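# Tertiary structure, described
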Amino acid sequence: MKKITLIVALLIGLASCEKEKVNYNRDCNCGTVVSDGIDGNCYWVELRNNCSKNKDYFCIDGDVWMQAYIGEKVCITNVDSW
């Protein structure tokens, strides 16, 4: 039973390693980082939407924030397009 559990966990782990392919220029949940900062417990980025060209602020995880440089493409998947 332990071997089966280990094998299943390994297969799930390997399957989740594949990066999701996103077309950053057409996905309306993606945008370009125009500014960023820290406000209390909020690591925020301001993004310009690829579709609407609107700008909006999002609080994101600190690890993601550390990789979100000005000019980089970022997708926010837990919101509707803005």
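Residues numbered from 1 in each chain as written. Predicted model: local features only at pLDDT ≥ 70, side-chain atom pairs only at ≥ 80, totals over all residues. Heavy atoms only, no water.

## Here's the deal with the sheet that holds strand β2 (residues 42-49)
Put simply, the rule is: Each pair of strands is called paired provided DSSP finds at least two bridges between the two strands. Helix numbers and strand numbers start at the N terminus; a helix is a DSSP run of H or I with at least 4 residues, a strand a run of E with at least 2. For helices, the fitted axis covers only the stretch in contact; all axes are lines through C-alpha atoms, and the angles between them, taken along N-to-C directions, range from 0 to 180 degrees.
Spatially, β3-β2-β1-β4 is the arrangement adopted by the four strands of the open sheet, whose pairing is antiparallel. Strands at the two margins of the open sheet, each flanked by one partner only, are β3 (55-60) and β4 (73-75). The mean angle between the axes of side-by-side strands here comes to 45°, regardless of whether they run parallel or antiparallel. Note that strand β1 (residues 30-39) and β4 share three bridges and pair antiparallel.

## So, the packing of aromatic side chains
Applied cut-off: Ring geometry is summarised as follows: Phe, Tyr and Trp rings, the Trp one being its six-membered ring, pair when their centres sit within 6.5 Å, and such pairs are stacked at plane angles under 30 degrees, edge-to-face over 60 and tilted between the two.
What the rule picks out here adds up to two aromatic pairs. Between Trp44 and Tyr57 the ring centres are 5.2 Å apart and the planes differ by 65°, which places this aromatic pair in the edge-to-face class. A residue pair is termed long-range when its members are at least 10 positions apart, and Trp44 in strand β2 and Tyr57 in strand β3 qualify at 13 residues.

## Describing the nonpolar core
This is how the line gets drawn: Buried residues of nine kinds, namely Ala, Val, Leu, Ile, Met, Phe, Trp, Tyr and Cys, make up a nonpolar core once their side-chain atoms join them within 4.5 Å. Here's how the labels work: a residue is buried when its accessible area is under 20% of the maximum for its type, exposed when over 50%, partly exposed in between, all with a 1.4 Å probe on protein chains only. By the convention used here, residues are in contact when the closest approach between their heavy atoms is within 4.5 Å.
Of all hydrophobic cores here, the largest spans 10 residues; its members are Val33, Val45, Leu47, Phe58, Ile60, Trp65, Ala68, Val74, Ile76 and Trp82. Counting only elements with at least two residues in this core, the list comes to β2 and β3. For Leu47, the residues in contact, after removing those within four places along its chain, are Gly31, Thr32, Val33, Val34, Asn54, Lys55, Asp56, Phe58, Val74, Ile76 and Trp82.

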